[in-house]
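# Observations on chain architecture
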Amino acid sequence: MGDGEPRVPTAIAVTSADMALPPQDERTLPAAVLQDVDRRPLEQVLAELQTLVDQHGHVIVVCSQAVPASVERRLHTVRALLETDRIALFRPSLPPLGIAVLARQLRQLASCDLGPGVLASAGRLLTHYIHAGALLGSVARLDRVPVDLKAHARSWVPGSQFGVVAHPVPQLVKIGPEAALAGPEFGTSLLVAKGQLAPDWVTGTLAPSWRVQGLREAALPAESSHWWGTGRLTEFCAYLPDLSVLYQLVTSVRRSACHWCGIDVIGDRCVFCSATPPGYDGGGGNGSGGNAMGGRDRALGHRRDPALGRRRERRALTG
């Protein structure tokens, strides 16, 4: 997997220590933890990001949509002040444990012969192979997944529990003898993070029904209670654990050079400079740094490059 010349791997950063999962294998690189970026002096955060850019060339910050708005503002401020397109801010619509799993997958891939643009784009591809959900004691405050009035009413019944999948397709069932959630149609491992709810249904019923090939435990991310609307939960995430499979997925997609910054990417958007291919009118994706609309404006007047990938690949990498 890559006999190219030695290079400094792209840095994969997370916004809290509990989002830096233990290594999956011996090749998994450490995460750069950007702790309390909204609370520390701006000068410290600027210096920290500048050092990472100097040491690694590029930095991919994987950030949950559940972080305070002040964290996102600070990250965009730092990126703008550094006047660099070498920092990518990636905020996929995954629950916190899914974010942590995705960041670790990128840490695995960072050890391979993938350029920073391809690695950053790979994050959008790999989200399609992550099944993330939770066992909840209440859905009364859940706003990430559609909840009907009947489920809301059942939330007030003492002892009620709900199985929820937030990604890739929303699902919600009340836990009972016949309760089941549709899972991945390929081999995965399952990561379970226990909160204030016993994980028995997840480990004893869900895991066998999903035919997981391995089950591990992790600490519950601090952001999970906010994301799911309750602390009475156990969060779970099914994912592809093997580096060889991840690498094959990423390298099977056609690469192209970003028409704006020139970096090699896969898919319809450069995660570093936000530019989309000329003529592309999709608005999908809230994961790149900078102003995505500005990327489309810059693309006006340029001819679409026919080598930007097949329609099937583009569809898999946007959304």
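Below is a summary of the structure that appears in this document. Remember, predicted model here, so these are calculated numbers, not experimental data.

## Some points on the overall build of the chain
If you tally the helices and strands in the chain, you get 10 helices and 12 strands. A fraction of 72% describes how many contacts in the chain between residues 6 or more apart in sequence connect residues 24 or more apart. Total accessible area computed for the chain in this model is approximately 14,500 Å², and 50% of it derives from carbon and sulfur atoms.

## Topic: helix 6 (residues 200-209)
Along helix 6, the residues that are buried comprise Trp201, Val202, Leu206 and Ala207. The buried residues of helix 6 occupy an angular sector of 150 degrees when the element is viewed end-on, so they sit on one face. The inward-facing, buried residues of helix 6 abut strand 5 (131-136), strand 6 (162-167), strand 8 (189-194), strand 9 (215-219) and strand 10 (233-239). Once helix 6 ends, the next one or two residues include Arg211, with phi positive near 55 degrees.

## Considerations on the nonpolar core
In terms of nonpolar packing, the biggest core is built from 48 residues, with Leu109, Leu114, Leu119 and Val250 touching the most fellow members. The set of elements that each furnish at least two residues to this core consists of strand 1 (11-14), strand 3 (59-62), strand 4 (87-90), helix 3 (96-109), helix 4 (116-126), strand 8, strand 10 and helix 8 (243-251). Broken down by element, this core gets its largest block of residues, eight residues, from helix 3. The contacts of Leu119, once residues within four sequence positions are left out, are Thr10, Ile12, Ile60, Leu106, Leu109, Ala110 and Leu114. One finds Ala32, Val59, Val78 and Leu82 within the second-largest nonpolar core, a separate group that totals 20 residues.

## With respect to the pattern of salt bridges
All told, the structure shown has three salt bridges when counted by the stated rule. With its nearest N and O atoms 2.5 Å apart, the salt bridge here joins Arg40 to Glu48. Of the charged contacts, one joins Arg144 and Asp143 as a salt bridge, the two residues approaching to 3.9 Å between their closest N and O atoms.

## Considering the sheet that holds strand 9
The strands making up a sheet are joined through hydrogen bonds of the backbone, oriented either antiparallel or parallel. With respect to topology, six strands assemble into an open sheet ordered 7-6-5-10-8-9, the strand pairing being mixed. The sheet terminates laterally at strand 7 (171-174) and strand 9, the two strands that pair on one side only. When strand polarity is set aside, the average angle formed by the axes of neighbouring strands in this sheet is 20 degrees. Where strand 6 meets strand 7, four bridges bridge the pair, whose relative direction is antiparallel. Paired with Phe162 across the two strands is Lys174, which belongs to strand 7. Sitting on the sheet, helix 3 is in contact with strand 8 and strand 10, with an inclination near 30 degrees to strand 10. On top of the sheet, helix 6 reaches strand 5, strand 6, strand 8, strand 9 and strand 10; it is set at about 165 degrees to strand 8, its chief contact.

## Considerations on the sheet that holds strand 1
Taken in spatial order, the four strands of this open sheet run 2-1-3-4, and their pairing is parallel. Either end of the sheet is taken by a strand with one partner, and the two such strands are strand 2 (32-33) and strand 4. When strand 3 meets strand 4, the two strands line up parallel, connected through four bridges. Opposite Ile60, over in strand 4, you have Ala88 as the bridge partner. Across the sheet, helix 2 (residues 69-82) touches strand 3 and strand 4, and the angle it forms with strand 4 is around 160 degrees. Along the sheet face, helix 3 touches strand 1, strand 3 and strand 4 and points at about 165 degrees away from the line of strand 1.

## A few points about helix 3
Taking 1.5 Å per residue, 14 residues should reach 20 Å; helix 3 reaches 20 Å between its end C-alpha atoms and fits that length. By the criterion of burial, helix 3 is predominantly enclosed, with 14 of the 14 residues buried.

## Description of the pairing of strand 4
Because side chains alternate across strand 4, one face comprises the buried residues Ile87 and Leu89, and the other comprises Ala88 and Phe90, equally buried. The handedness of the strand 3 to strand 4 crossover, carried by helix 2, is right-handed.

## Details of unusual backbone geometry
Residue Pro168 follows His167 across a cis peptide bond; omega there is 10 degrees. Here Pro168 lies in the loop between strand 6 and strand 7. For Glu83, which is not glycine, the phi torsion reads 50 degrees and is therefore positive. Within the secondary structure layout, Glu83 lies in the loop between helix 2 and strand 4. Within the chain, Arg211 stands out as a residue other than glycine whose phi angle is a positive 55 degrees. Relative to the assigned elements, Arg211 resides in the loop between helix 6 and strand 9.

About the criteria used
Residues numbered from 1 in each chain as written. Predicted model: local features only at pLDDT ≥ 70, side-chain atom pairs only at ≥ 80, totals over all residues. Heavy atoms only, no water. Helix = DSSP H or I, 4+ residues; strand = E, 2+ residues; numbered from the N terminus. Contact = heavy atoms within 4.5 Å. Areas by Shrake-Rupley, 256 points an atom, 1.4 Å probe, with all protein chains shown as cover. Buried < 20%, exposed > 50% of the residue type's maximum accessible area, 1.4 Å probe, protein only. Arc of directions from axis to C-beta. Core = buried A, V, L, I, M, F, W, Y, C linked by side-chain atoms within 4.5 Å. Salt bridge = Lys/Arg side-chain N within 4 Å of Asp/Glu carboxyl O. Pairing = 2+ DSSP bridges. Axes fitted to C-alpha atoms, helices over the stretch in contact; angles between N-to-C directions. Expected span 1.5 Å × (residues − 1). Right-handed = clockwise from strand over helix to strand, strands pointing away.

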